[in-house]
Amino acid sequence: MEATPHGARVKARDELLEICRAHDIRGILVDAREIVIRDRPSTLELFDFGVSWSELAKRTPVLVAGLLPRDAATRERVLFGDTVATNRGLVSQAFDDIEEARAWLRSSGNIRR
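In this report, the structure presented in the accompanying data block is examined.

1. Re helix H3 (residues 72-87)
Piece 1. Taking 1.5 Å as the rise per residue, H3 with 16 residues should run 22 Å; its terminal C-alpha atoms sit 22 Å apart, in good agreement.
Piece 2. Of all the residues in H3, the buried ones are Thr 74, Arg 77, Gly 81, Val 84 and Ala 85. Projection of H3 onto a plane perpendicular to its axis shows the buried side chains occupying an angular sector of 100 degrees, all on one side. Turned more than 90 degrees away from the buried face of H3, the exposed residues are Ala 72, Glu 76 and Asn 87.

2. Some words on the pairing of strand S1 (residues 27-31)
The side chains of a regular strand alternate between both faces of the sheet.
Piece 1. With five bridges connecting them, S1 and strand S2 (residues 63-67) associate as parallel partners. Of the residues in S2, the one forming a bridge with Leu 29 is Ala 65.

3. Concerning helix H1 (residues 6-22)
Residues spaced three or four apart along an α-helix point in a common direction, a consequence of the helix completing one turn every 3.6 residues.
Piece 1. Here H1 spans 25 Å end to end across 17 residues, near enough to the 24 Å set by a 1.5 Å rise per residue.
Piece 2. Of all the positions in H1, only His 6, Arg 9, Arg 13, Leu 17 and Cys 20 are classed as buried. The buried residues of H1 occupy an angular sector of 70 degrees when projected down its axis, which confines them to one face. Turned more than 90 degrees from where H1 packs its buried face, Gly 7, Lys 11 and Ala 22 sit exposed.
Piece 3. In the core, the buried residues of H1 are packed alongside S1 and helix H2 (43-59).
Piece 4. Asp 24 occupies a position one or two residues after H1 and carries a positive phi of about 55 degrees.

Analysis parameters
Residues numbered from 1 in each chain as written. Predicted model: local features only at pLDDT ≥ 70, side-chain atom pairs only at ≥ 80, totals over all residues. Heavy atoms only, no water. Helix = DSSP H or I, 4+ residues; strand = E, 2+ residues; numbered from the N terminus. Expected span 1.5 Å × (residues − 1). Buried < 20%, exposed > 50% of the residue type's maximum accessible area, 1.4 Å probe, protein only. Arc of directions from axis to C-beta. Pairing = 2+ DSSP bridges. Contact = heavy atoms within 4.5 Å.

Rendered as structure tokens:
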């Protein structure tokens, strides 16, 4: 699956967090296993994306379990952004296994089964 351009990814993330806020959703599972980012966002774009995740999550407290992309270059970009966001307060964890991700969400907060 081809990833959308950087600006569209930012918009989709913002819309997701707005839905979480509106419906009091406390945890999300992001399945990025089939995503391939080909537009090669700059390091600054990836950094800013990670920083903005943590800033938005302060207004909408949410746990994020992410299933890592299988594509090595995309995985590297996602892990960089995740590290930036986590270092700034986003509660998130990256996984290869969906059941481990679900278990982490359930054990990390008041997430329903």
